[in-house]
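So you can see what is in the structure, the chains are spelled out below.
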Amino acid sequence: MIRDGLWVACSHPYIQIAAPNRPILLGSEPGRLQLRGDSLEAKLTAYVTTVPRPLVSLEVELPPYFGVDFSKETEAIFLSTGITVPCRILKGNMFSTAPSTIWLRPLQEITQGALSAAVSKVVFAIPNFPDFLAHGFVRALPRGGAKREDEIRLQFSDWSVTIENTTDIAERKESLTDDGGFGITALGVLERTDRQPFSWDDAAPQVEALRVFLSFVCGRWTGPMLPAGVNSADEPVWFRWSVPLVDQGLFAVTWFDNHHGTVLTDLAPGFMAKWNDPLWKEAFSYAIYWFVRANSAAAGADGSLILSQAALETLSWTYLVSISGMSRTKFKSLTAAEAIRQLLTTLSIPSVVPAALASLQILASTCIPADGVSAVVAVRNGLAHPEKHKTVMPVIEAWTLGQRFVELVILRLCAFNGEHANRTNMVRWVGQVERLPWA
């Protein structure tokens, strides 16, 4: 495969990529297409297309007078490897008297090379990851002078990960901030801490864990894409055309302040320890899924609040029943507010309503007990049972506090004691952080 669009540097990875919201060329090679029962020789060109969301697509040129049936699936065969990939036809002309182009969507992930082969590291890109300050170092420029660059360093179990922004992050950040959409903004390397070789089967669980971890950090879906195995001579051994679920744009309200990237170094070991525990892996999978969806504007403040409470109830059940030994009968006798409040109390997380959430604070004063948990659940119940509540409920403020509770619970469970951004501080600037309640 000619890797026109992808590859690797020596000590740090890079990927030649298009501007944000433009297709990323992955490669091009001779292939064969099975269409209408016919076998057609054709050049297969692979891209990561960005509309409506990042996905791998194949571009194929058809000869004149070749009709296309969009209702039928087809197969693309890469002649260099013999790999056969089932595809769905996305767009093109049903019939043309001139050469025409069709686009295919692979129905399975495309890989090149032997994934069982040993590599020394896996390099990958990260889409829509924020510009950050972290462990800084100075790199000399080719024509003199120097430039500060930063990297996030994660170490957990037997693995280490290094993440850097792309060299043109300033331009990419401006484009994604103004226009939203999709673009690669960071690159990463996964290695074993003992520098021993490993296979994709060894790396795959770590890549999946990173996807969940980085999505929790950003409050948006992101994660490693286009992972590639590299040997000790920095030569490609295998790669996977794999693209994770990605949310558009760069901004989302979250606990992570991107001027304090070093906190991820402290968080990663505790997070990965929980992820490697089957009980907590299941709970975190559900809770972070709901947390990230609730953090998106797509669900609306009302839908997001319901998702936030679902995350809190999942975490409450896991901690109180599976960890603390509360009986199922006892837990089921608790109201949602009681279960969440007991979880917060046990973890030393205050349940008061911050002064910045003035409307929610007024609502809380009418509840028993008069705290943030009561107020959040009251607003959620008002959405589910609107006939019982005639007044306008402070939905956005309840969502804000509910999401903060989820963040604090997960950070506490991961034994994180660093600094964080408090989303309830409505006038916070970038770089403004505070200590956690239990620290």
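For the structure, see preceding data.
Residues numbered from 1 in each chain as written. Predicted model: local features only at pLDDT ≥ 70, side-chain atom pairs only at ≥ 80, totals over all residues. Heavy atoms only, no water.

Q: Can you walk me through the overall build of the chain in this structure?
A: A tally of helices and strands in the chain yields 10 helices and 16 strands. Computed over the C-alpha atoms, the radius of gyration of the chain is 25 Å, within 12% of the 22 Å expected from 2.2 N^0.38 for a compact globule of 439 residues. Dimensions of the chain, computed from the C-alpha atoms along their principal axes, are close to 75 × 55 × 45 Å. Expressed as a percentage of its 439 residues, the buried residues of the chain come to 51%. (Helix = DSSP H or I, 4+ residues; strand = E, 2+ residues; numbered from the N terminus. Rg over C-alpha atoms; globule rule 2.2 N^0.38 Å. Buried < 20%, exposed > 50% of the residue type's maximum accessible area, 1.4 Å probe, protein only.)

Q: How should the side chain of Thr222 be read in this particular structure?
A: Mapped onto the elements of the fold, Thr222 is located in the loop between helix 2 (200–218) and strand 13 (225–230). From its side chain, Thr222 meets the backbone oxygen of Pro127 in a polar contact 2.5 Å long. (Polar contact = N/O pair within 3.5 Å; in protein donor to acceptor, adjacent residues only side chain to side chain.)

Q: Help me understand the sheet that holds strand 8 (residues 121–127), please; the structure alone is not making it clear to me.
A: Within the open sheet, the 8 strands sit side by side as 7-14-13-8-12-11-10-9. Their pairing is antiparallel. Strands with a single pairing partner mark the edges of an open sheet, and in this sheet they are strand 7 (110–112) and strand 9 (135–140). Taken over all neighbouring pairs, the strand axes of this sheet differ in orientation by 20° on average, direction set aside. Note: strand 13 against strand 14 (residues 236–241), 3 bridges, orientation antiparallel. Looking at the pairing, Ala228 lines up with Phe239 of strand 14. Sheet contacts for helix 2: strand 8, strand 10 (146–156), strand 11 (159–165), strand 12 (184–192), strand 13 and strand 14; angle to strand 11, the most-contacted strand, approximately 50°. Packed onto the sheet, helix 3 (residues 263–275) meets strand 9 and strand 10 and runs at close to 20° relative to strand 10. (Pairing = 2+ DSSP bridges. Axes fitted to C-alpha atoms, helices over the stretch in contact; angles between N-to-C directions. Contact = heavy atoms within 4.5 Å.)

Q: Would you mind showing me how to read the packing of helix 3 against helix 4 (residues 278–294) here?
A: The angle between the axes and the distance between the axes are what describe a pair of packed helices. At a minimum axis distance of 7 Å, the contact between helix 3 and helix 4 shows a crossing angle of 110°. In terms of axis orientation, helix 3 runs roughly perpendicular to helix 4. Two secondary-structure elements touch here, helix 3 through Phe271, Lys274 and Trp275 and helix 4 through Trp280, Lys281, Phe284, Ser285 and Ile288. When the residues that make up the contact of helix 3 with helix 4 are grouped by side-chain class, the tally is 5 nonpolar, 1 polar and 2 charged. (Parallel < 35°, antiparallel > 145°, perpendicular 65-115°, else oblique. Nonpolar A, V, L, I, M, F, W, Y, C, P; charged D, E, K, R; others polar.)

Q: Where do I start with the nonpolar core in this structure?
A: Side chains that are nonpolar tend, in soluble globular proteins, to be buried together. One finds Phe213, Trp255, Phe271, Phe284, Leu315 and Leu360 to be the most contacted residues of the largest nonpolar core, which totals 90 residues. With residues near it in sequence (within four places) discarded, Leu360 still touches Val353, Ala375, Val376, Val379, Pro394, Glu397, Ala398 and Leu401. (Core = buried A, V, L, I, M, F, W, Y, C linked by side-chain atoms within 4.5 Å.)

Q: Even after reading the chapter, I still don't get the packing of aromatic side chains, so can you show me in this structure?
A: Centre distance and the angle of the planes are the two values used to describe a pair of aromatic rings. Following the criterion strictly, the structure yields 18 aromatic pairs and no others. Between the aromatic rings of Phe78 and Trp241, the centroid separation amounts to 6.2 Å while the plane-to-plane angle is 70°, which identifies the pairing as edge-to-face. With Phe78 in strand 4 (residues 73–78) and Trp241 in strand 14, this pair connects stretches of sequence that are 163 residues apart. An identical accessibility class is assigned to Phe78 and Trp241; each is buried. When the ring of Phe271 is compared with that of Phe284, the centres are 5.6 Å apart and the planes differ by 45°; the resulting orientation is tilted. Taken as a pair, Phe271 in helix 3 and Phe284 in helix 4 lie far apart in primary sequence, 13 residues in all. (Phe/Tyr/Trp six-rings, centres within 6.5 Å; stacked < 30°, edge-to-face > 60°.)

Q: Any chance you could explain the pairing of strand 3 (residues 55–62) here in plain terms?
A: A regular strand places its side chains so that they alternate between the two faces of the sheet. Within strand 3, 6 of the 8 residues are buried, which leaves the element mostly enclosed by the surrounding structure. Where strand 2 (residues 38–49) folds back on strand 3, the antiparallel hairpin that results is connected by 5 residues. Where strand 3 meets strand 6 (residues 100–106), 5 bridges bridge the pair, whose relative direction is antiparallel. Bridged to Val60 within strand 6 is Ile102.

Q: In this structure, what is going on with the sheet that holds strand 1 (residues 24–35)? I would like to understand it.
A: Sheets are built from strands that pair by backbone hydrogen bonding, the pairs being arranged parallel or antiparallel. In spatial order, the strands read 1-2-3-6-5-4; together these 6 strands close into a barrel with antiparallel pairing. On average, each strand axis in the sheet is inclined to that of its neighbour by 45°, with strand direction left out of account.

Q: So what exactly am I meant to see when it comes to the pattern of salt bridges here?
A: Opposite charge on two side chains allows them to pair when their charged atoms are near. All chains considered together, the criterion is met by 12 salt bridges. Between Arg32 and Glu41 there is a salt bridge, with its nearest N and O atoms 3.0 Å apart. The exposure class assigned to Arg32 is partly exposed, which follows from its relative accessible area of 26%. Judged by relative accessible area, which is 52%, Glu41 ranks as exposed. (Salt bridge = Lys/Arg side-chain N within 4 Å of Asp/Glu carboxyl O.)

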